[in-house]
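Read off the chains here:
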Amino acid sequence: NADYSLRVQDKDAGDLLSVKAGGHIGLGTNDPANFVEILAGDGVGDDIFALRVQNQESTDGRSYGLKVMAGSNSSDTTFELNDHDGTNVLMKVLGDGEATFSGNLNVDGDTKRIYVRSDNYELVTVGMAGSSGSALDQGYIRMKNAGTNTIALHSASNSYFTNATGDFYFQN
């Protein structure tokens, strides 16, 4: 067939691999609409991942997983995760780096934090108050102006607001 450069079929399972004349590669489909398309049909992909990328390099700092290079502005989509039928976007990263999530963003693990930074300063930090014991069950939000704490909300200690005329504390 002139549409294909390569096509591998199983007499019972149908298309296994197809490479169309334009270079589009299909696994489980004979008509890939994208450069690489994997179609694990119902029952074929039961309880397995459709794609696994694994780098077994054991040198620390030299093992990389997946790199996506696409997009340059907010009109481009660099990365998108959808539910199984493609009707709900679960996560999307635009070409300008903006990321949206349709569910909760969970940060698990002791001493893990969420940071919002500018080029020069850490502006907002959300995290756990300590690094061990009961302090791990205490949280805080810290906001800074040019590196100086201006608002600190702490679940188990003093919280305060700082402005040009002084500090205002809430005692715990």
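Predicted model only: the values in this text are computed from it and were never measured. (Residues numbered from 1 in each chain as written. Predicted model: local features only at pLDDT ≥ 70, side-chain atom pairs only at ≥ 80, totals over all residues. Heavy atoms only, no water.)

Caption draft 1: Main features of the overall build of the protein chain. The secondary structure content of the protein chain amounts to 0 helices and 13 strands. In sequence order, the protein chain lays out its α and β elements as β-β-β-β-β-β-β-β-β-β-β-β-β. When each of the 172 residues of the protein chain is scored for burial, the buried share is 12%. Of the roughly 13,100 Å² of accessible surface on the protein chain, a fraction of 49% belongs to carbon and sulfur atoms. (Helix = DSSP H or I, 4+ residues; strand = E, 2+ residues; numbered from the N terminus. Buried < 20%, exposed > 50% of the residue type's maximum accessible area, 1.4 Å probe, protein only. Areas by Shrake-Rupley, 256 points an atom, 1.4 Å probe, with all protein chains shown as cover.)

Caption draft 2: Broad picture of the sheet that holds strand E4 (residues 36-38). Taken together, 4 strands build an open sheet; the order of strands is E1-E2-E3-E4 and the sheet is mixed. Each edge of the sheet is formed by a strand with only one pairing partner; in this case those strands are strand E1 (4-10) and E4. Each strand axis lies, on average, 10 degrees off the axis of its neighbour in the sheet, ignoring direction. Bridge count for strand E3 (residues 25-27) against E4 is 3 bridges, and the pairing is parallel. Of the residues in E4, the one forming a bridge with Gly26 is Glu37. (Pairing = 2+ DSSP bridges. Axes fitted to C-alpha atoms, helices over the stretch in contact; angles between N-to-C directions.)

Caption draft 3: The packing of aromatic side chains, seen in detail. Counted under the stated rule, the structure contains 0 aromatic pairs. The ring of Tyr115 carries Arg117 above its face, with NZ or CZ at 4.1 Å from the centroid. (Phe/Tyr/Trp six-rings, centres within 6.5 Å; stacked < 30°, edge-to-face > 60°. Lys NZ or Arg CZ within 6 Å of the ring centre and 35° of its normal.)

Caption draft 4: Up close: the side chain of Thr29. As for its position among the elements, Thr29 is in the loop between E3 and E4. Among the polar contacts listed, one links the side chain of Thr29 to the backbone nitrogen of Asp31, at a separation of 3.2 Å. Residues contacting Thr29, with those up to four places away along its chain left out, are Asp15, Ser18, Glu37 and Leu39. (Polar contact = N/O pair within 3.5 Å; in protein donor to acceptor, adjacent residues only side chain to side chain. Contact = heavy atoms within 4.5 Å.)

Caption draft 5: Main features of the pairing of strand E2 (residues 14-20). Two elements, E1 and E2, share 6 bridges in a ladder whose sense is antiparallel. Looking across to E2, one finds that Asp10 is bridged to Gly14. Linking E1 to E2, which pair antiparallel, is a turn of 3 residues. Inspection of the sheet shows E2 paired to E3 by 3 bridges, in the antiparallel sense. Its bridge partner lying in E3, Ser18 is registered against Gly26. The antiparallel hairpin formed by E2 and E3 contains 4 residues in its connecting segment, where Gly23 sits at a positive phi of about 100 degrees.

Caption draft 6: Here's a closer look at a nonpolar patch on the surface. Judged by side-chain polarity, Ile25, Leu27, Phe35, Val36, Ile38, Leu51, Val53, Leu66 and Val68 come together as a nonpolar surface patch covering roughly 850 Å² of accessible area. Looking at the nonpolar patch, the elements with two or more residues in it are E3 and E4. The class of Val68 is partly exposed, set by a relative accessible area of 41%. (Patch = residues over 30% accessible without salt bridge, like charges linked within 9 Å, V, L, I, M, F, W, Y side chains within 5 Å. Salt bridge = Lys/Arg side-chain N within 4 Å of Asp/Glu carboxyl O.)

Caption draft 7: Quick peek at the sheet that holds strand E5 (residues 77-82). A sheet is described by the order of its strands in space; here 3 strands give the open sequence E5-E6-E7, paired in antiparallel fashion. Looking along the sheet, the strands with just one partner apiece sit at the ends: E5 and strand E7 (99-101). On average, each strand axis in the sheet is inclined to that of its neighbour by 5 degrees, with strand direction left out of account. As paired strands, strand E6 (residues 89-94) and E7 are joined by 3 bridges and run antiparallel to one another.

Caption draft 8: View of the confidence of the model for the protein chain. Taken residue by residue, the protein chain gives an average pLDDT of 83. The fraction at 70 or more is 88%. Of all secondary-structure elements in the protein chain, the lowest mean pLDDT belongs to strand E13 (residues 166-170), at 62, while E6 reaches the highest, 94. (pLDDT = per-residue confidence, 0-100.)

Caption draft 9: Inspection of unusual backbone geometry at higher detail. With a phi close to 65 degrees, Asp47 is a non-glycine residue in the positive phi region. Judged by its relative accessible area of 76%, Asp47 falls in the exposed class.

Caption draft 10: A look at the environment of Asn145. Mapped onto the fold, Asn145 is located in strand E10 (residues 139-145). A relative accessible area of 52% places Asn145 in the exposed class. Between the C-alpha atoms of Asn145 and Val124, which are 21 residues apart in sequence, the distance is 9.2 Å.

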